[in-house]
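Letter by letter, the chains look like this.
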Amino acid sequence: MNPFTQKPKPIYEGFKSFKEMYPKSYDKNTVDPYTKCRIILMNGTEFEANWFSHQFQRHISNCDLRRELAMTREVEKQQQLKISLLKPCNESPLEHTISYEQLAVDLTAELAKRECDCYVKKALDFALLEDFDHLYRYANQLEMEQGLRAERLVGKYTEVMPGRPTIAHHRCPLDNVKRNINSKTASKETVLSTMIITAAEQQTMNYYMNITNLATNDALRRLYQEIALVEEEHVTQYGALVDSNATWLEMLLWHEYTECYLYWSCYMTETDKYVKCIWEECLEEEISHLHKAAELLKKYENKEWQQVIPDGNFPAPLCLHENVSYVRDVLKNTVQFTGYREDYERVENLKDGADFFKFQKIIAPCEDIVPSHNVICTHINKTGRDYRFECKENPVPELRCRNCDNTSVGRIKDAADSTCFKCN
């Protein structure tokens, strides 16, 4: 499908009444896990588009252009609110968190599996192992608090076991900034990947930042606080990949194209008939926004959309599904890596005075103050072992113990074996 060849309807027709804006929520006991993931993804995609538009407005003084942005932004805010309210009232924030981390794992894996830019793929694989470990930590807290096993919430599509331990995720900010791509020379799939993953991780970061002080006990508040800081690192990493040399109007076009592609992907892969109709409705609205962005690009920069996106045809739809084998392979080969300036390095190859070790001593001078570690220790003390859902034993031997939490892997030199990242 090429959204540029579709006939758009007037943007004004995207405005809804309050009755039309309020949707029927899904049944948390019967909904497909990936329907929930798609809802979270599109909630984050709309948030990113909305705030990009706000920042765009704050960096220009032309009120005619500002008004055009405001019209589209209002429709997208209505879309975002409608999508976010598909979540039912009886689904707890912690249950919802499991879906956030399942999305982070399977979306990242799916993007990495098809990524042709080795540098971007490396960034995806690196953060994948950290979101994978977050799922494990939250799942243990969920079982202790609510007696719910995360395997039911993820539909047994995604394993729940240790990845790179969360204590090892805390890096000096200097090591999280990466090189940006060039959207004019990169493949369309690569540009989409950087924008999709940035929006998704930003949504996760925002959710944790806002839910932290609303959690009902200190252990969960501390866990959200810690992992929110890791998500800040992920958003820094992924956001740095996005083309920083494109103009505001070029990036507006890319934002709208990304939204069109994702709504089309959701429509093509959705199993819930009601939610599928929402994706179709939003796609029609986003096609209007895309055409408006192309119109503004032509008016203010005298550029045709083809100068920014030469081929408007969508790639194959982005489909969320299980990625067990892929995650296991990345875990086995790269668990001992950390960020090092614009790249990644095995912990054992860092100098003793590296910023990574300095920052670790500041934020985690001793293990027993680290919330993600304490969650597992508490679960082990109560039940004799941690909670996991795994198809077979962990591919990293040092992470197989069920009655102790490893805090060395990915953090201490020679704590595990790792080979290298793989390119497609």
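Quick look at the structure, then. Sequence order sets the numbering: in each chain, residues are counted from 1 along the sequence as written. Thresholds applied to this predicted model are a pLDDT of at least 70 for local features of residues and 80 or more for the giving and counting of side-chain atom pairs; totals over whole chains, interfaces and linings are not thresholded and use all residues. Values reported for side chains reflect all heavy atoms of the structure, with hydrogen atoms and water molecules removed beforehand.

### Description of the state of the cysteines
At step 1: The disulfide criterion is simple: two cysteine sulfur atoms within 2.5 Å. Counted under the stated rule, the structure contains one disulfide.
At step 2: The disulfide partner of Cys 118 is Cys 423, and the gap between their sulfur atoms is 1.7 Å. Between Cys 118 and Cys 423 the sulfur-sulfur dihedral comes to about -55 degrees; the bridge is accordingly left-handed. With Cys 118 in helix H5 (residues 118-146) and Cys 423 in the segment after helix H13 (371-383), the pair connects residues that are 305 residues apart, well separated along the chain.
At step 3: Residue burial is assigned from relative accessible area. The probe radius is 1.4 Å, only protein chains are included, and a residue is buried under 20% of its type maximum, exposed over 50%, and partly exposed in between. Residue classification places Cys 118 among the partly exposed positions, given a relative accessible area of 29%.
At step 4: Note on Cys 423: relative accessible area 45%, which makes it partly exposed.
At step 5: Left unpaired, Cys 37 is separated from the closest cysteine sulfur, that of Cys 266, by 11 Å.
At step 6: Free of any disulfide, Cys 116 has its nearest cysteine sulfur in Cys 118, 10 Å distant.
At step 7: Take Cys 116: its relative accessible area is 53%, and that puts it in the exposed class. Secondary structure elements follow DSSP: runs of H or I no shorter than four residues count as helices, runs of E no shorter than two count as strands, and numbering proceeds from the N terminus.

### Structural notes on the environment of Cys 172
At step 1: Inspection of the secondary structure puts Cys 172 in the loop between helix H6 (150-153) and helix H7 (188-211).
At step 2: A C-alpha to C-alpha distance of 5.4 Å links Cys 172 and Phe 359, two positions 187 residues apart in sequence.
At step 3: Contact criterion: two residues are considered in contact whenever any of their non-hydrogen atoms come within 4.5 Å of each other. Excluding anything up to four places from it in sequence, Cys 172 contacts Asp 355 and Phe 359.

### A word on the environment of Pro 8
At step 1: Considering the arrangement of structural elements, one finds Pro 8 in the segment before helix H1 (18-21).
At step 2: The class of Pro 8 is partly exposed, set by a relative accessible area of 33%.
At step 3: Spatially, the C-alpha atoms of Pro 8 and Glu 285 are 7.9 Å apart, while their sequence positions differ by 277 residues.
At step 4: In contact with Pro 8, other than residues within four places in its own chain, are Ile 287, Ser 288 and His 291.

### Describing the packing of helix H2 (residues 33-58) against helix H4 (residues 93-114)
At step 1: Running from N to C, H2 and H4 cross one another at 85 degrees; their axes reach a closest spacing of 9 Å. Of the possible angle classes, the one that applies to H2 and H4 is roughly perpendicular. Note on element contacts: H4 touches H2 through His 96, Ser 99, Tyr 100, Gln 102, Leu 103, Asp 106 and Leu 107, opposite Pro 33, Tyr 34, Lys 36, Cys 37, Ile 40 and Leu 41.
At step 2: Only Asp, Glu, Lys and Arg are considered charged in this grouping, and only Ala, Val, Leu, Ile, Met, Phe, Trp, Tyr, Cys and Pro are considered nonpolar; every other residue, Gly among them, is considered polar. Classifying every residue of the contact of H2 with H4 gives eight nonpolar, three polar and two charged. Each axis is a line fitted through C-alpha atoms, and for a helix only the stretch in contact is used; angles between axes span 0 to 180 degrees, taken between their N-to-C directions. Small angles under 35 degrees read as roughly parallel and large ones over 145 as roughly antiparallel, with 65 to 115 read as roughly perpendicular and the rest as oblique.

### Structural notes on the packing of aromatic side chains
The geometry of an aromatic ring pair comes down to the distance between the two centres and the angle between the two planes.
At step 1: For Phe, Tyr and Trp, rings pair up if their centres lie within 6.5 Å, where Trp contributes its six-membered ring, and each pair is then called stacked (planes under 30 degrees apart), edge-to-face (over 60) or tilted (otherwise). Counted under the stated rule, the structure contains 24 aromatic pairs.
At step 2: Ring geometry for Trp 254 against Tyr 257: centres 5.9 Å apart, planes inclined by 90 degrees, an arrangement best described as edge-to-face. Of this pair, Trp 254 and Tyr 257 both sit in helix H9 (residues 248-269), separated by three residues, roughly a single helical turn.
At step 3: Judged by its relative accessible area of 0%, Tyr 257 falls in the buried class.
At step 4: Put simply, the rings of Phe 4, Trp 254, Tyr 257, Tyr 261, Trp 264, Trp 305 and Phe 314 pair up and form one aromatic cluster.
At step 5: A positively charged side chain is recorded as over a ring if its NZ (Lys) or CZ (Arg) lies within 6 Å of the ring centre. The angle to the ring normal must also be within 35 degrees. One cation-aromatic arrangement involves Lys 276 over Tyr 267; the distance from NZ or CZ to the ring centre is 4.2 Å.

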